[in-house]
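What the coordinates show
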Amino acid sequence: MNITNLYKFGLTERFEQEATMYEGLYLARVSVQHKNLYKVVTTSGEIQAEVSGKLGYTATVNSDYPVVGDWVMVDRVNDWNGHAIIHHILRRKSVFERRAAGTSKQGQIVAANIDTVFICMSLNNNFNLRRLERYLSIAWDSMATPVVVLTKVDLCEDLSQKLSEVNAVAIGVDILVTTSIKDDGYTILYKYIDKGKTVAFIGSSGVGKSTLINRMMGKEILATNAIGEDDKGRHTTTHRQLIALPNGGVVIDTPGMRELQIEHADLSRSFADIDELAENCRFSDCTHQSEPGCAVKEAIKKDLLSAERLSNYIKLQTEMKYQGLNSRQVEQEKIEKMFGGMGAMKQARAFFKAKNKRNS
Ligand code: GDP
Ligand code: ZN
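Residues numbered from 1 in each chain as written. Chains lettered and ligands numbered in written order. Predicted model: local features only at pLDDT ≥ 70, side-chain atom pairs only at ≥ 80, totals over all residues. Heavy atoms only, no water.

Some details on the overall build of the protein
Our working definition: Going along the chain from the N terminus, every DSSP run of H or I of four or more residues is numbered as a helix, and every run of E of two or more is numbered as a strand. Three exposure classes are used, based on accessible area relative to the maximum for each residue type with a 1.4 Å probe and protein chains only: buried under 20%, partly exposed in between, and exposed over 50%. Residue-level accessible areas treat just the shown protein chains as cover; the underlying method is Shrake-Rupley with a 1.4 Å probe.
On a plain count of helices and strands, the protein comes out with 13 helices and 13 strands. Out of the 360 residues belonging to the protein, those deemed buried represent 46%. Per element, the accessible surface of the protein, about 18900 Å² overall, is 50% carbon and sulfur.

And the structure:
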């Protein structure tokens, strides 16, 4: 089997190993997903594919279906006699999840097996630390390694101030400063994009993601945006979603990846400082709002923590709690909270039952 093609698309030993478990099937990587139709890259090129009846039948949640970046086992390497059939999804190394539109609690996976995610924020008007915190939460939760990329340094006049602000938020994360208008302004990214590595660029529209991808590619493969222009609809289904770079790395650029909402974000990672402080709160379930002996409040008083950071933490916690619930569930959650703790729904139901009885 000629596997070179797959190495260009990020194949590593781990997946090659796992694939040997499936005799008679071929390893491939999902490059495009459009509803139920897929494209996969096999040893002989990109071909059309669909999931097997069995896979579709046993799938119970969104995440049981393949997404861009997945390594899958298919029944053929060319589609001369019809679409390839995807029989298995190999164990995912990381997943990026977006809350499904509407109200269901189920998240929608938008991409899988990303090693490094570049969180892009421009050093001019897009600079927003709260947004950065959100993206960091998403990244930590995905199992991919976040790297902060501060773009457009050519437009920035207070770099050291901004860097120290980012440092305080992105604890333990590499922070890169780039500009796409100078040839040596972005080469630092290559350190993270190597053979067998899959990366993605996330961040607001207009911060320079497409420009950076084009630079990595060495040619203009993505249309870039004039500043301030609305880019909705720019990423059509014809847009390449799995991009093999000349140096061997791979970029995943699905429409869903670009503007992720917060979902199952791992707050404890991006707010490790608050969690650490909280260990010294008198109450283990301290909400750091009005409890006595609160070490977090104490730290704010001593100027060791900004009040804004705490309030963002609390706000995110509340949002996460309610996000993905429909209005009835939100109400139930509130009742739970009102009655406190476990078994509260039971109490609440009994309460409302009794109340209804009295009223009738
Ligand atoms: P995306 O929406 O994040 O993909 O952003 P684009 O790559 O489309 O870039 C948005 C605009 O910013 C375009 O007009 C780019 O030419 C411009 N841009 C990108 N990188 C830089 C940079 O490093 N410096 C400056 N001054 N402009 C940039
Ligand atoms: Zn506290």
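Still to come is the rest of the account.
Digging into the pattern of salt bridges
Let me state the cut-off plainly: One speaks of a salt bridge when a side-chain nitrogen belonging to Lys or Arg is within 4 Å of a carboxyl oxygen belonging to Asp or Glu.
Using the criterion set out here, one finds eight salt bridges in the structure. One salt bridge in this structure joins R130 and E308, with 2.9 Å as the shortest N-O distance. Linking R130 in helix α4 (residues 129–142) with E308 in helix α11 (residues 307–322), this pair joins segments that are 178 residues apart in sequence. A salt bridge links D158 to K162; the nearest nitrogen and oxygen atoms lie 3.2 Å apart. K162 sits in the buried class, given a relative accessible area of 14%. Bridged by salt links that share partners, the residues R130, E133, D273, E308 and R309 form one connected network.

Quick word on the coordination of the zinc ion (ligand 2)
For the record, the criterion: Each metal site lists N, O and S donors within 2.8 Å (3.2 Å for Na, K and Ca). With water left out of the atoms, a site can look as if it is missing ligands. Tetrahedral means four donors with every angle between 85 and 135 degrees, whereas square planar (four donors) and octahedral (six donors) require angles over 155 degrees between opposite donors and between 65 and 115 for all others; sites fitting neither are termed irregular.
Donor atoms from the polypeptide that coordinate the zinc ion (ligand 2) comprise C281 (SG), C286 (SG), H288 (ND1) and C294 (SG), at 2.1 to 2.4 Å from the metal. Coordination at the zinc ion (ligand 2) comes from four donor atoms whose angles at the metal span 103 to 115 degrees, giving a geometry best classed as tetrahedral. When the donors of the zinc ion (ligand 2) are listed by position in the chain, the intervening gaps give C-x4-C-x1-H-x5-C. For the pair shown, C286 and C294 are each scored as buried.

Some words on the packing of α4 against helix α5 (residues 159–169)
In a pair of packed helices, the angle between the axes and the distance between the axes together describe the arrangement. Operational definition: Throughout, an axis means a line fitted to C-alpha atoms (over the contacting stretch in the case of helices), and angles, computed between N-to-C directions, take values from 0 to 180 degrees. Each crossing is labelled by how the near helix is turned from the far one, with a counterclockwise turn of less than a right angle marking it left-handed and a clockwise turn marking it right-handed. Throughout, a residue-residue contact means that at least one pair of heavy atoms, one from each residue, lies within 4.5 Å. Under the scheme applied, nonpolar residues are Ala, Val, Leu, Ile, Met, Phe, Trp, Tyr, Cys and Pro; charged residues are Asp, Glu, Lys and Arg; polar residues are all the others, including Gly.
Orientation of α4 relative to α5, taken along the N-to-C sense of each, is 35 degrees, at an axis distance of 10 Å. Remark: the crossing between α4 and α5 carries right-handed chirality. Each of L129, R130, L132, E133 and L136 in α4 lies in contact with α5, whose residues at this interface are E165, V166 and V169. A per-class count over the contact of α4 with α5 returns five nonpolar, no polar and three charged.

Focus: the sheet that holds strand β12 (residues 242–244)
Condition: Between any two strands, at least two bridges found by DSSP are needed for them to pair.
One open sheet holds the six strands; their spatial order is β10-β9-β8-β11-β13-β12, and the pairing between them is mixed. Both edges of this open sheet fall to β10 (174–177) and β12, since each of them pairs with a single strand only. Here the average twist between neighbouring strands, direction ignored, is 25 degrees. Direction of pairing for strand β11 (residues 198–202) relative to strand β13 (residues 250–252): parallel, over a ladder of three bridges. The residue of β13 that forms the bridge with T198 is V250. Those strands touched by α5 are β8 (116–122), β9 (145–151) and β10, and its axis lies near 155 degrees from that of β10. Strands in contact with helix α6 (residues 209–217) are β8, β9, β11, β12 and β13; relative to β11, the strand with the most contacts, it is inclined by about 150 degrees.

Structural notes on the side chain of S94
Among the secondary structure elements, S94 is positioned in the loop between β5 (84–89) and β6 (95–99). S94 gets classed as buried once you look at its relative accessible area, which sits at 2%.

A closer look at the confidence of the model for the protein
Keep this limit in mind: The predictor's confidence in any single residue is recorded as pLDDT, a number from 0 to 100.
In the predicted model, the protein carries a mean pLDDT of 81, and the fraction of residues at 70 or more is 77%. Highest mean pLDDT in the protein belongs to strand β4 (residues 71–74) (98); lowest belongs to helix α12 (residues 327–339) (52). Considering only residues more than four positions removed or in separate chains, one finds that residues 100–104, a stretch of pLDDT under 50, has seven contacts. Within the model, the stretch residues 226–238 combines pLDDT values under 50 with 12 contacts to residues more than four positions away or in other chains.

Remarks on the nonpolar core
The test is simple: Only buried residues count toward a nonpolar core. Its members are Ala, Val, Leu, Ile, Met, Phe, Trp, Tyr and Cys residues joined through side-chain atoms within 4.5 Å. Per the annotation, domain bounds derive from an automatic or database assignment of domains.
Counting residues in each nonpolar core, the largest one holds 56 residues, and the members touching the most others are V40, L132, V166 and M257. Examining the composition of this core, we find that seven residues originate from one element, α4, more than from any other. Domain assignment of the residues forming this core places at least three in each of domain 1 (4–89) and domain 2 (95–262). Excluding its chain neighbours within four sequence positions, the residues that come into contact with V40 are A28, R29, V30, S31, G45, E46, I47, A49, V72, V74 and I86. Core analysis: the next-biggest nonpolar cluster, separate from the first, contains 20 residues, V147, Y186, V199 and M216 among them.

Structural notes on α4
Put simply, the test is: The span expected for a helix works out to 1.5 Å for each residue beyond the first. Side-chain atoms alone can form a polar contact between residues adjacent in sequence; in general such a contact is a pair of N or O atoms within 3.5 Å, and within protein one must be able to donate a hydrogen while the other accepts it.
For α4, built from 14 residues, the straight-helix expectation of 20 Å at 1.5 Å per residue is met to within 8% by its first-to-last C-alpha distance of 20 Å. In terms of burial, α4 is a largely internal element, 11 of the 14 residues being buried. Taken together, the buried positions of α4 are L129, R130, L132, E133, Y135, L136, S137, I138, A139, W140 and S142. At the N-terminal end of α4, a side-chain oxygen is found 2.9 Å from the backbone nitrogen of R130, two or three residues along, and the residue is N128.

Some thoughts on the sheet that holds β4
Strand pairing in a sheet is mediated by backbone hydrogen bonds. Such pairs are either parallel or antiparallel. Within the closed barrel, the five strands sit side by side as β1-β2-β3-β5-β4. Their pairing is mixed. Across the sheet, the axes of successive neighbouring strands diverge by a mean angle of 55 degrees, strand direction being ignored. As defined by bridge partners, strand β3 (residues 45–51) adjoins β5 across three bridges and the pair is classed as parallel. Directly across from V51, in β5, lies its bridge partner I86.

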